[in-house]
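Overview (structure and organization)
Residue strings, one per chain:
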Amino acid sequence: MRPYLKFSWLLLVLLWNATGCQKKAAPDEYNAKAANPERYNQCLNKLTEVVIHDIFSPPVASRIYSYANLAGYEAMLPGQPTYESMAGKLKKYEATPKPEAGQEYCFPLASTRAFLVVGRALTFSANFFDDFEKTFYEQYKQDGIPDEVYERSVAYGDAVAKHILDFASKDTYKQTRGFKHTVTNEEGTWVPTPPAYMDAAEPQWAKIRCWVMDTCSQFMPPPPAQYNVAKGSPFFKLTEEVYEIGKNMTEEQKKIAYFWDDNAFVMNVAGHVSYASKKMTPGGHWLAIAQTVARQKKADFAQTVEAYALTSFALSDGFISCWDEKYRTNRVRPETVINKYIDPKWTPYLQTPAFPEYTSGHSVISAAAAEVLTNLFGDNVAFTDSTEHSYGHGVRSFKSLREAAVEASYSRLYGGIHFRDALEVGNLQGRRVGEYVFHKLKANKDGTIASK
């Protein structure tokens, strides 16, 4: 071969490789790379970023997380024979589409694809996903997945996502939009609170289809302390406790309250200037805790996705159960009672959320999430939570997930936005929800708990 022809041939080969023709890998090789749980973590974290940006209320955010993680879970299943579909376990969820028999797939890719398609469909800021996906999917191509396998896997993820979105469209969410809570101004009932005096959030949320619970009232708690502002009454003692703690906050109590604030929309008022702060929802916070513990336990791809899915369902049913009680009892917030009967100038350390007080949403959903994660990863899992360090909320360490849930609950008393009974009853309510979700979804046909 003439020298110049040899040189031209080598140049052509180099150009061919440089323009994207990757060496194709064997299925075991590219599947192992694609099954890195950090890729799914990237998707979860991107969805959380969008949820924060779009300012979804905590119940609505839990719905988004649940459908996205259901899609991710179901799309990975054909590659995980020891895991079971949620069909027949989640209320009214029917069989997921099957991949084509005899064809090669990369199911971790299908999983992240299904997650992202559903997450995009249920949020507003598509540009966040556009920018993310430009580089995200390139990872799989670098793994050496053959083009036909890549396209087939993406198509399967799309098919699962479509199935999940069809399931989502029938949960009565659309029918609950636009409703407002009627404020009666009756003594002891909820009224809007300062500084924004916003309408009550999601008054129809108990009508959303449950995920695992039989009904929204399955874990109905006992009624709260009877409203009575006479000195010495049980209710007024609860009110005085909130007031006294608020006047004498320790630095530790302030740290705990702020760490668990998780208020998706905080209105800041300084003189004539007001501006809003966006923060992580409590559900997003607990999914981030799930991520921390899964990493610590070196959970594989399937274990990580399952942890997200089960935690999401517990969060969603926790919100439904809690909101059912909130709008049944319609209890007044401490700030309203204290300002009227004790101190008109008193303000809580945290901004009072815009919905009735009993039971505490943080208490219910934190206990529900902690129960699922404890059953998955074990008792006494010590961990450090730096979830919201980037938002200025600090870092805290816990001896167990249940300990974290209890602290999250009492943070609402320190913050001045809940009475004690709403926390303690709410924590029990959430534990019952979480325990039920875990056992219903992990049970074998004979009733024993499945193990991986």
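Residues numbered from 1 in each chain as written. Predicted model: local features only at pLDDT ≥ 70, side-chain atom pairs only at ≥ 80, totals over all residues. Heavy atoms only, no water.

Notes on the packing of helix α4 (residues 58-76) against helix α11 (residues 282-296)
The interhelical angle for the contact between α4 and α11, taken along N-to-C directions, is 40 degrees, at an axis separation of 8 Å. When the axes of α4 and α11 are compared, the pair comes out oblique. The segment α4 lies against α11, with P58, Y65 and N69 engaging P282, G283, G284 and L287. Along the lines of polarity and charge, the residues of the contact of α4 with α11 split into four nonpolar, three polar and no charged. (Axes fitted to C-alpha atoms, helices over the stretch in contact; angles between N-to-C directions. Helix = DSSP H or I, 4+ residues; strand = E, 2+ residues; numbered from the N terminus. Parallel < 35°, antiparallel > 145°, perpendicular 65-115°, else oblique. Contact = heavy atoms within 4.5 Å. Nonpolar A, V, L, I, M, F, W, Y, C, P; charged D, E, K, R; others polar.)

A closer look at the packing of aromatic side chains
Counted under the stated rule, the structure contains 26 aromatic pairs. Summarising the aromatic geometry, the rings of F132 and F136 are spaced 5.0 Å apart at their centres and angled 20 degrees between planes, so their arrangement reads as stacked. Of this pair, F132 and F136 both sit in helix α6 (residues 126-136), four residues apart, roughly one helical turn. Accessibility expressed as a relative area gives 2% for F136, which makes it buried. What links up through ring pairs into an aromatic cluster is the set Y67, Y93, F167, W211 and F313. In this structure, R209 packs its charged tip against the face of F167, placed 3.8 Å from the ring centre. (Phe/Tyr/Trp six-rings, centres within 6.5 Å; stacked < 30°, edge-to-face > 60°. Buried < 20%, exposed > 50% of the residue type's maximum accessible area, 1.4 Å probe, protein only. Lys NZ or Arg CZ within 6 Å of the ring centre and 35° of its normal.)

Remarks on the environment of S217
Its location among the elements puts S217 in the loop between α8 (147-168) and α9 (234-247). Residue S217 is classed as partly exposed on the basis of its relative accessible area, which comes to 25%. Separated by 103 residues in the primary sequence, S217 and I320 place their C-alpha atoms 8.7 Å from one another. In this view, S217 contacts D324 and R328; residues no more than four positions away in its chain are not counted.

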